[in-house]
Amino acid sequence: MLVSHAAFLAQVSPEAAEKLIVEFQKAANSLEIMPQRHPWLSGEYIPKNAYRFILFQKRYMLIFQVIDHTVYADYVVDCRQDYGWLIH
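Quick caveat, the model's predicted, so the values are computed rather than measured.

Glancing now at the sheet that holds strand 1 (residues 52-56). Ordered by their spatial adjacency, three strands build an open sheet running 1-2-3, and the pairing between neighbours is antiparallel. Two strands in the sheet have a free side with no partner beyond their single neighbour: strand 1 and strand 3 (70-78). Neighbour to neighbour, the strand axes of the sheet diverge by 25 degrees on average, direction disregarded. Here five bridges tie strand 1 to strand 2 (residues 60-67), and the two strands are oriented antiparallel to one another. In the sheet register, Phe53 faces strand 2, and the bridge partner there is Ile63.

Next up on the list: the packing of helix 1 (residues 2-12) against helix 2 (residues 14-30). Remark: helix 1 packs on helix 2, axes separated minimally by 6 Å, with the N-to-C direction vectors making an angle of 155 degrees. In terms of orientation, helix 1 and helix 2 fall into the roughly antiparallel class. Where helix 1 abuts helix 2, its residues Leu2, His5, Ala6, Leu9, Ala10 and Val12 lie against Pro14, Ala16, Ala17, Leu20, Ile21 and Phe24. When grouped by side-chain class, the residues that make up the contact of helix 1 with helix 2 number 11 nonpolar, one polar and no charged.

Counting residues in hydrophobic clusters, the biggest one holds 13 residues, and the most contacted among them are Leu2, Leu20, Phe24, Ile54, Phe56, Leu62 and Val76. Here this core takes four residues from helix 2, the largest share from any one element. When near neighbours in sequence (up to four residues on either side) are disregarded, Ile54 contacts Ala27, Ser30, His38, Tyr60, Met61, Leu62 and Phe64. Counting six residues, the second-largest nonpolar core is a separate cluster that includes Leu41, Ile46, Met61 and Ile63.

This part covers the pairing of strand 3. Where strand 2 and strand 3 come together, eight bridges link them in antiparallel fashion. Each residue of the ladder has a partner; that of Leu62, found in strand 3, is Val76. Hairpin remark: strand 2 followed by strand 3, antiparallel, with two residues in the connecting loop; positive phi at Asp68, about 55 degrees.

This part covers the side chain of Arg52. Mapping Arg52 onto the fold places it in strand 1. It turns out Arg52 is buried and unbridged, and the closest side chain with the opposite charge, Asp74, is 11 Å from it. In this structure the side chain of Arg52 is engaged in a polar contact, spanning 2.5 Å, whose partner is the backbone oxygen of His38. Discounting chain neighbours no more than four positions away, the residues touching Arg52 are Pro35, Gln36, His38, Pro39, Trp40, Leu41, Leu62, Ile63 and Phe64.

What counts and what doesn't
- Residues numbered from 1 in each chain as written.
- Predicted model: local features only at pLDDT ≥ 70, side-chain atom pairs only at ≥ 80, totals over all residues.
- Heavy atoms only, no water.
- Pairing = 2+ DSSP bridges.
- Helix = DSSP H or I, 4+ residues; strand = E, 2+ residues; numbered from the N terminus.
- Axes fitted to C-alpha atoms, helices over the stretch in contact; angles between N-to-C directions.
- Parallel < 35°, antiparallel > 145°, perpendicular 65-115°, else oblique.
- Contact = heavy atoms within 4.5 Å.
- Nonpolar A, V, L, I, M, F, W, Y, C, P; charged D, E, K, R; others polar.
- Core = buried A, V, L, I, M, F, W, Y, C linked by side-chain atoms within 4.5 Å.
- Buried < 20%, exposed > 50% of the residue type's maximum accessible area, 1.4 Å probe, protein only.
- Lys, Arg positive; Asp, Glu negative; His and termini not counted.
- Salt bridge = Lys/Arg side-chain N within 4 Å of Asp/Glu carboxyl O.
- Polar contact = N/O pair within 3.5 Å; in protein donor to acceptor, adjacent residues only side chain to side chain.

What follows is the structure, given as structure tokens:
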């Protein structure tokens, strides 16, 4: 998902696409220490206390889960888009 967001953005601004990737890396790397500090993702069709999220670069959300001591990045979404499919 990150690749498709960056590829789309690169059509308009390669610099903005590079910044998106750098900011994602910062957000993902921050999960090495206490990923549980981030809030739970909630919604009608989202399993309770299963997914957490972190916002980066103002409008992107990294949705992840922590299982045992491993962080799994499941989705990168642009919060400006409709992601109803994600929760059904």
